[in-house]
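Observations on the model geometry
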Amino acid sequence: DAGVTQSPTHLIKTRGQQVTLRCSPISGHKSVSWYQQVLGQGPQFIFQYYEKEERGRGNFPDRFSARQFPNYSSELNVNALLLGDSALYLCASSLAGQGRNGYTFGSGTRLTVV
Amino acid sequence: RKEVEQDPGPFNVPEGATVAFNCTYSNSASQSFFWYRQDCRKEPKLLMSVYSSGNEDGRFTAQLNRASQYISLLIRDSKLSDSATYLCVVIPNAGGTSYGKLTFGQGTILTVHP
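Presented here is a report on the structure given in the accompanying data block. (Residues numbered from 1 in each chain as written. Chains lettered and ligands numbered in written order. Predicted model: local features only at pLDDT ≥ 70, side-chain atom pairs only at ≥ 80, totals over all residues. Heavy atoms only, no water.)

**Points about the overall build of chain A**
Using the following cut-off: To qualify as a helix, a DSSP run of H or I must reach at least 4 residues; to qualify as a strand, a run of E must reach at least 2; elements of each kind are numbered from the N terminus. Here the radius of gyration uses the C-alpha set of atoms, whereas the globule reference equals 2.2 Å times the residue count to the power 0.38.
The helix and strand tally for chain A stands at zero helices and 11 strands. Listed by position from the N terminus, the elements making up chain A come as β-β-β-β-β-β-β-β-β-β-β. Relative to the 2.2 N^0.38 estimate, which gives 13 Å for 114 residues, the radius of gyration of chain A is 13 Å and therefore close to what a compact globule would have. Each of the three principal axes of chain A carries a C-alpha extent, and together these read 35 × 25 × 25 Å.

Right, here's the structure in full:
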């Protein structure tokens, strides 16, 4: 069975541009969360979607948005990119919204903003 | 105060050593606790959930003290392959904008040397 898949794996963008990152959860998982990890820090929560509805939002500006599709895949959009948006963006899926059995992460998208 | 705080590390130990990591969390309503392992430039992977009764998985033992809001991970008989960053993870509460949110500590780097 495929795990959590993310695309693209690497991306280089220029300041001010927009980017879309994609995630497919494990088959049967209905919850997808997005995290940002900058070097030397633990991942920071951005969004959680469960059954196609936003259920949680972290402390990120409105430039960050996301959605979940009927097949439970998800996209994270970031507008007006800043240098500080350079990070590893991780998608995690879980069977249910609360994820009490833990979350499975994809291998991430490494975004570099120049 | 950070929501989840870990020992700053790094820890540098010889093979066969026993090493312990500690973690404290600030939200007393937190409901789920985990240890994740993250290899260099890879995604976090669930190592084990942490229960109030304590739990063991081979060489790894996790403990939770809800009264002190403290979590620990003990690794016995360290192997070279245990070298990684260990992340303490908490799900803060049952609802609101923190729904399903994993809150990570900054991570503790472990290096096991021959």
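**Digging into the state of the cysteines**
Residue and element names in this part refer to chain B. In plain terms, the rule: In plain terms, two cysteine sulfur atoms within 2.5 Å form what is called a disulfide here. Only protein chains enter the accessibility calculation, which uses a 1.4 Å probe; a residue is then buried when its area is under 20% of its type maximum, exposed when over 50%, and partly exposed in between.
Summed over the entire model, instances satisfying the criterion amount to two disulfides over all chains. Sulfur-sulfur distance for the disulfide between C23 and C88 comes to 2.0 Å. In this structure the cystine formed by C23 and C88 twists about its S-S bond by roughly -75°; its chirality is therefore left-handed. Of this pair, C23 sits in strand β3 (residues 19-25) while C88 sits in strand β9 (residues 84-91), placing them 65 residues apart in sequence. In this pair, the class of C23 matches that of C88, namely buried.

**Here we look at the sheet that holds strand β3 (residues 19-24) of chain A**
Residue and element names in this part refer to chain A. Basically, it comes down to this: Any two strands are treated as partners once DSSP identifies two or more bridges connecting them. A fitted line through C-alpha atoms represents every axis, and for helices the fit uses only the stretch in contact; the resulting angles, taken between N-to-C directions, go from 0 to 180 degrees.
What the four strands build is an open sheet, ordered β1-β3-β8-β7; its pairing is antiparallel. Strands at the two margins of the open sheet, each flanked by one partner only, are β1 (5-7) and β7 (64-68). For this sheet, the mean angle separating the axes of adjacent strands, direction not counted, is 15°. Pairing of β7 with strand β8 (residues 74-78) involves five bridges; the strand directions are antiparallel. Of the residues in β8, the one forming a bridge with F64 is V78.

Keep in mind these numbers describe shape, not what the thing actually does.
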